[in-house]
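Spelled out from the first residue to the last, the chains are:
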Amino acid sequence: MAGKPTLHYFNGRGRMECIRWLLAAAGVEFEEKFIEKPEDLDKLKNDGSLMFQQVPMVEIDGMKLVQTRAILNYIATKYNLYGKDMKERALIDMYSEGVEDLGEMIMHLPLCPPDQKDAKIAQIKERTTNRYFPAFEKVLKNHGQDYLVGNKLSKADIHLVELLYYVEELDPSLLANFPLLKGLKARVSSLPAVKKFLQPGSQRKPPMDEKNLEEAKRIFRIK
Amino acid sequence: MLNIAVSIGEIFWSLAHRRPRVPGLQTARWAPLCGSGHSEWSQFDEEFLETKEQLQKLQDGNHLLFQQVPMVEIDGMKLVQTRSILHYIADKHHLFGKDLKERTLIDMYVEGTLDLLELLIMHPFLKPDDQQKEVANMAQKAIIRYFPVFEKVLRGHGQRFLVGNQLSLADIILLQTILALEEKIPNILSAFPHLQEYTVKISNIPTIKKFLEPGSKKKPPPDDIYVRTVYNIFMP
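Predicted model only: the values in this text are computed from it and were never measured.

Trainee: It is not clear to me how the overall build of chain A should be interpreted in this structure. Could you clarify?
Mentor: If you tally the helices and strands in chain A, you get nine helices and four strands. Listing the helices and strands of chain A from first to last along the sequence gives β-α-β-α-β-β-α-α-α-α-α-α-α. Taken over C-alpha atoms, the radius of gyration comes to 18 Å for chain A, in line with the 17 Å a tight globule of 223 residues would show. Expressed as lengths along the three principal axes of its C-alpha atoms, the size of chain A is roughly 50 × 45 × 30 Å. Expressed as a percentage of its 223 residues, the buried residues of chain A come to 50%. Put simply, 66% of the contacts in chain A that link residues at least 6 apart link residues at least 24 apart. When the accessible surface of chain A is totalled, it reaches about 10,500 Å², and 51% of it is carbon and sulfur. Once the 35 positive and 32 negative side-chain charges of chain A are each reduced to a mean point, those two points are 2 Å apart.

Written as structure tokens, this is what we have:
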């Protein structure tokens, strides 16, 4: 059906998953064209479809968007998930970037050499409980509202809740002392579009396993 | 993990954090910004971090949302996270295009350029043995992946600026990156005539020209003192 965005990426979370979450939360149906071998990626490059020769790439509204943040910002603006003015946007940006910093650490864990993994996990847990979760818990506590910015669902809430799920996968106890974050997670998860996305059979991708990792390394020619 | 206190938007805001501003205290120095067709002069203060204790004080005082710098105090907010700061300034000074499509194009160009600029920012902190190899890597990325895109854009529309025929954040970040690269690889633009012309033209915009002159707030290339200072402040 013309009009549905098309996502170009490999069949795994990586840098596309936050885009899947955002589209899903916005209630936007999307198609996916999975890159399954290096040749698929080469074809996209040779087609001139990838501005900087990289994925994620999302075909939407006649454009071939690249760069995760640019894609997220476009979707958020289009579906009113980016606040009502400049100042709200600044807060949403700040919170989203903080989520991304922690999310990046978690995303890179599978690539971590085995002898460094324990130290890395410890660092992630430390940052989660001492830096990021307290910051967001405090934001929610200070204004007492249901959502992070402007008393309205925004991309910041969606990115944060996605992150909460990943932290839970790593260690569920990390959320224990953050009641407002737990509340946000429950609230956002029960929104119809998000609830649907959280169910089995949706386009949400599972955690990376060995097979998935090998596939990604092969496609992106990572040694 | 090293937290690097380098502001990516160096042409706007240099390596700095800002202490809460005392009302009425104004600095005498002005940093010009250019906004769509008219010149806007924007002044800013700088508070330089030199010791770990200063960073600690900022953290303990709850001035840093994620305990990190850069932080810019502006319009009653304590903004952290480079992109958030850049976007806010760009929005405020009409450097983000006229509509969503232009904004998105600017976003894409900026994000791509920042990937390249990030390599430059990290470079002084690599082991000396790796630094030389990395210069080659940066040059390759610039010449093969990034510059051809912008060369083609400029050749395609023949306009002075990357997007919408007016100065935007994309131009500022690209200029900064080109100038920083030229410090390491002087002939990096040799295969890109449109980018060469572009660099000269953007550099000559009066407000930017002023910022590029000696005595401005633009910071010099990183040296050993810079690297040592950053390690002292940020290493646990």
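Continuing now.
Trainee: Can you help me understand the packing of helix H5 (residues 114-143) of chain A against helix H6 (residues 155-170) of chain A in this one?
Mentor: Helix packing for two helices is described by the angle between their axes and how far apart those axes are. All names here are of chain A. Running from amino to carboxyl end, H5 crosses H6 at an angle of 150°, the nearest separation of the two axes being 13 Å. Between H5 and H6, the crossing angle belongs to the class labelled roughly antiparallel. For the pair H5 and H6, the crossing hand works out as left-handed. From H5, Ile124, Thr128, Phe133 and Phe136 reach across to H6, where they touch Leu160, Leu164, Val167 and Leu170.

Trainee: Any chance you could explain the UniProt feature "domain: GST C-terminal" (unreviewed entry) in chain B here in plain terms?
Mentor: UniProt records the feature "domain: GST C-terminal" (unreviewed entry) for residues 99-222 of chain B in the present numbering. Annotated as residues 99-222 of chain B, this span is 69% helix and 0% strand, and its ends, taken at the C-alpha atoms, are 37 Å apart.

Trainee: Is there a simple way to think about the pattern of salt bridges in this case?
Mentor: Proximity of charged atoms lets side chains of opposite charge pair with each other. One pass over the full model with this rule turns up 25 salt bridges over all chains. Salt-bridge contacts for A:Glu169 lead to A:Arg13; the nearest nitrogen and oxygen are separated by 2.8 Å. Of this pair, A:Glu169 sits in helix H6 while A:Arg13 is found in the loop between strand E1 (6-9) and helix H1 (17-25), placing the two residues 156 residues apart along the sequence. With a relative accessible area of 44%, A:Glu169 lands in the partly exposed category. The salt bridge partner of B:Glu111 is B:Arg83, with a shortest N-O separation of 2.8 Å. Of the two residues, B:Glu111 is situated in helix H3 (residues 100-122) and B:Arg83 in helix H2 (residues 82-92); the sequence distance between them amounts to 28 residues. Exposure class is identical for B:Glu111 and B:Arg83. Each is buried.

Trainee: Hey, could you run me through the interface of chain B and chain A in this one?
Mentor: Counting from both sides, the interface comprises 33 residues of chain B and, opposite them, 36 residues of chain A. When chain B packs against chain A, the two sides together hide about 3,100 Å² of surface, and 63% of this comes from carbon and sulfur. For the pair chain B and chain A, the number of links is two salt bridges. Across the contact surface, chain B and chain A share 10 residue pairs in polar contact (both at pLDDT 80 or more). Contributions of two or more residues to the side of chain B that touches chain A are made by strand E4 (77-80), H2, H3 and helix H4 (128-157) of chain B. A total of 10 residues in the side of chain B that touches chain A trace back to one element, the largest contributor, which is H3(B).

Trainee: Which parts of the structure should I look at to understand the UniProt feature "domain: GST N-terminal" (unreviewed entry) in chain A?
Mentor: Per the UniProt record, the feature "domain: GST N-terminal" (unreviewed entry) sits at residues 3-83 of chain A. The span residues 3-83 of chain A shows a helical share of 37% and a strand share of 20%, and its end C-alpha atoms are spaced 25 Å apart.

Trainee: Hey, could you run me through the UniProt feature "domain: GST C-terminal" (unreviewed entry) in chain A in this one?
Mentor: UniProt tags residues 85-208 of chain A as "domain: GST C-terminal" (unreviewed entry). Annotated as 69% helix and 0% strand, the span residues 85-208 of chain A places its first and last C-alpha atoms 37 Å apart.

Trainee: Explain the sheet that holds strand E2 (residues 31-34) of chain A here, please?
Mentor: Either a parallel or an antiparallel arrangement is found when strands of a sheet pair, and the pairing is made through backbone hydrogen bonds. All names here are of chain A. As summarised here, the arrangement of the four strands in space is E2-E1-E3-E4, forming an open sheet in which the pairing is mixed. Looking at which strands have only one partner, the edges of the open sheet turn out to be E2 and strand E4 (63-66). Ignoring which end each strand starts from, the neighbouring axes of this sheet average 20° apart. Here E1 runs beside E2; their pairing, made up of four bridges, is parallel.

Trainee: Sorry, what's going on with the confidence of the model for chain B here?
Mentor: Predicted coordinates in areas of low pLDDT are best not read in detail. Residue and element names in this part refer to chain B. On average, chain B scores 84 in pLDDT, and the residues at 70 or more come to 82%. Taken element by element, chain B is modelled with least confidence in strand E1 (residues 31-35), mean pLDDT 35, and with most confidence in helix H6 (residues 193-203), mean pLDDT 98. Counting contacts from residues 1-41, a segment whose pLDDT is below 50, to residues more than four positions away or on other chains yields 131 contacts. As a predicted assembly, this complex carries a pTM of 0.91 together with an ipTM value of 0.95.

Trainee: Hey, could you run me through the environment of B:Val227 in this one?
Mentor: All names here are of chain B. Considering the arrangement of structural elements, one finds Val227 in helix H8 (residues 224-234). Overall, Val227 belongs to the buried group, its relative accessible area being 14%. Apart from residues lying up to four places away in sequence, Val227 is in contact with Pro124 and Phe125.

Trainee: Is there a simple way to explain the side chain of A:Arg13 in this structure?
Mentor: Residue and element names in this part refer to chain A. For Arg13, a relative accessible area of 15% translates into the label buried. Of note is the side chain of Arg13, whose polar atom sits 2.9 Å from the backbone oxygen of Lys205. Here Arg13 is in contact with Arg20, Tyr166, Glu169, Lys205, Pro206 and Pro207, once residues within four sequence places are set aside.

About the cut-offs
Residues numbered from 1 in each chain as written. Chains lettered and ligands numbered in written order. Predicted model: local features only at pLDDT ≥ 70, side-chain atom pairs only at ≥ 80, totals over all residues. Heavy atoms only, no water. Helix = DSSP H or I, 4+ residues; strand = E, 2+ residues; numbered from the N terminus. Rg over C-alpha atoms; globule rule 2.2 N^0.38 Å. Buried < 20%, exposed > 50% of the residue type's maximum accessible area, 1.4 Å probe, protein only. Contact = heavy atoms within 4.5 Å. Areas by Shrake-Rupley, 256 points an atom, 1.4 Å probe, with all protein chains shown as cover. Lys, Arg positive; Asp, Glu negative; His and termini not counted. Charge placed at Lys NZ, Arg CZ, Asp CG, Glu CD. Axes fitted to C-alpha atoms, helices over the stretch in contact; angles between N-to-C directions. Parallel < 35°, antiparallel > 145°, perpendicular 65-115°, else oblique. Left-handed = near helix turned anticlockwise from the far one by under 90°. UniProt positions renumbered as here; feature names shortened; annotations may be inferred. Salt bridge = Lys/Arg side-chain N within 4 Å of Asp/Glu carboxyl O. Buried area = accessible area lost by both parts, 1.4 Å probe. Polar contact = N/O pair within 3.5 Å; in protein donor to acceptor, adjacent residues only side chain to side chain. Pairing = 2+ DSSP bridges. pLDDT = per-residue confidence, 0-100.

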